[in-house]
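Coordinate inspection notes
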Amino acid sequence: MVSVASFAKDVARETALKSAEMSRFEAQVNADAKALGNLLDDGLEYTHSNGDLDTKASFIDSLVTGKRDYISSTATIETVRIFGDVGVIRGKAKVTVGGKDRQPQDLSIGYTDIWLWKNGRWQMTAWRSARLPAPDAK
Amino acid sequence: MRLHFLLLLLVSLPVTTLASPRGDESSARTALLARFDAALHADVAALDKLLADDLEYCGVSATCSTKAQYLDSVRSGARKFRSLVPRIERVTLFADSAVLTGKVYAVSIGDGTERNVDAYFLVVLAWRDGRWQMTNQSSTLLQPKPKT
């Protein structure tokens with residue numbers, strides 16, 4: 001039987017997870033290394049939609065040095081599921097990304113990311129994204 | 001008195017607490033490999049057991065399917081493979097779930113043509129009813145190999 005306290009805890013964790021997700025998108029656009037340091041798990045596996053791979057260190061470094069520049073991002077969370085200390089978010093995002101030696105590019109992606117509840121906060125440990133099909137030019 | 005209380009407590013525990021150990025890394029790997037094998041052989045009955053009812057299956061085109069949609073696509077032949085070679089690279093276990101990442105080298109068949117679909121996968125398994133069930137798979141195409 002699910003107690004009221006347990007239900008309230010689940011709701012609070014889900015709210016915190018959604019908030020962490022949005023904070024992470026914002027921190028990426030702001031290249032905020034400190035915020036990302038808290039929001040990303042040390043074991044992060046970040047797979048970009050073009051197949052590029054990053055660890056936590058290489059991902060933050062790419063943003064801080066401007067190698068990769070998230071000019072804007074608008075995310076829509078579609079589903080949030082929590083399995084104990086693991087959170088799974090699926091969503092879509094429109095991202096404009098540029099950087100050194102890279103022309104800004106508008107991308108529409110579908111993504112799944114995995115979060116862990118560690119040390120009293122959510123930390124993203126995996127990200128996979130794929131480019132959404134272009135709308136039919138009818 | 002204390003002994004009686006302990007016995008009563010033990011008897012009142014759910015059977016699953018005593019009888020079903022949690023899945024381990026080896027069983028998580030086995031479950032995922034069985035899932036790929038069942039997909040290769042279009043074994044709908046096996047997939048039905050290996051996939052959770054709340055499955056989210058997101059392919060390399062970022063299009064997501066439910067369990068029913070996924071099974072329909074296998075049953076109808078819309079989702080068909082000549083080969084599927086998975087390589088599990090990382091398994092992280094939690095209390096009732098496991099996260100697995102790796103690569104899969106696939107040759108899919110559609111409209112009479114074969115297509116190489118090599119991808120990174122991210123899979124979440126949930127431990128339910130005494131077995132692992134896949135509740136999410138999301139994939140990203142591997143970068144094409146540079147031409148030599």
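Here's a quick rundown of the structure.

Definitions and cut-offs
- Residues numbered from 1 in each chain as written.
- Chains lettered and ligands numbered in written order.
- Predicted model: local features only at pLDDT ≥ 70, side-chain atom pairs only at ≥ 80, totals over all residues.
- Helix = DSSP H or I, 4+ residues; strand = E, 2+ residues; numbered from the N terminus.
- Rg over C-alpha atoms; globule rule 2.2 N^0.38 Å.
- Buried ≥ 20, exposed ≤ 12 C-beta atoms within 10 Å, placed from the backbone.
- Contact = placed C-beta atoms within 7 Å.
- Pairing = 2+ DSSP bridges.
- Core = buried A, V, L, I, M, F, W, Y, C linked by C-beta atoms within 7 Å.
- Nonpolar A, V, L, I, M, F, W, Y, C, P; charged D, E, K, R; others polar.

**Description of the overall build of chain A**
Assigned secondary structure in chain A consists of three helices and six strands. Computed over C-alpha atoms, the radius of gyration of chain A comes to 16 Å, within 12% of the 14 Å expected from 2.2 N^0.38 for 138 residues, which places it in the range of a compact globule. Dimensions of chain A along its principal axes, counting C-alpha atoms only, are 55 × 40 × 20 Å. Among the 138 residues that make up chain A, the fraction classed as buried is 31%. In chain A, of all internal contacts separated by at least 6 residues, the share reaching a separation of at least 24 is 52%.

**Some points on the pairing of strand β6 (residues 121–131) of chain A**
Across a regular strand the side chains alternate sides, sitting on one face of the sheet and then on the other. All names here are of chain A. Among the eleven residues of β6, nine are classified as buried, and the element is accordingly described as predominantly covered. Sheet analysis places strand β1 (residues 40–47) next to β6, joined by four bridges and oriented parallel. Each bridged residue has a counterpart across the sheet, and for L40 the counterpart in β6 is M124. Direction of pairing for strand β5 (residues 102–118) relative to β6: antiparallel, over a ladder of ten bridges. Note that in β6 the partner of W115 across the bridge is M124. Counted between consecutive antiparallel strands, the loop separating β5 from β6 contains two residues, among which N119 sits at a positive phi close to 50°.

**Thoughts on the nonpolar core**
A:I114, B:V123 and B:L125 are the most contacted members of the largest nonpolar core, which has 57 residues in total. Setting aside residues no more than four positions away along its own chain, B:L125 makes contact with B:A28, B:A31, B:L32, B:S97, B:A98, B:L100, B:W132, B:Q133, B:M134 and B:T135.

**A word on the environment of A:A75**
Residues and elements named next belong to chain A. As for its placement among the helices and strands, A75 is situated in strand β3 (residues 69–83). Expressed as a C-alpha distance, the spacing of A75 and E21, which sit 54 residues apart in the sequence, is 9.1 Å. Other than its neighbours up to four places away in sequence, A75 contacts F25, G91 and A93.

**With respect to unusual backbone geometry**
Residue A:D101 is not a glycine yet carries a positive backbone phi of 60°. Within the secondary structure layout, A:D101 lies in the loop between β4 (86–99) and β5. Since 6 C-beta atoms lie within 10 Å of it, A:D101 is described here as exposed. For B:A62, which is not a glycine, the phi torsion comes out positive at approximately 70°. Turning to its location among the elements, B:A62 is positioned in the loop between β1 (51–58) and β2 (64–65). Judged by local crowding, B:A62 falls into the buried class, with 22 C-beta atoms found within 10 Å.

**As for the interface of chain A and chain B**
With 23 residues of chain A at the interface, the matching set in chain B holds 23 residues. Mapped onto the side of chain A that touches chain B, the elements with two or more residues apiece are β1, β3, β4, β5 and β6 of chain A. Per element, the largest residue contribution to the side of chain A that touches chain B is five residues, and it comes from β6(A). Looking at the side of chain A that touches chain B, its residues break down into nine nonpolar, nine polar and five charged.

Function cannot be inferred from these measures alone, as they are strictly geometric.
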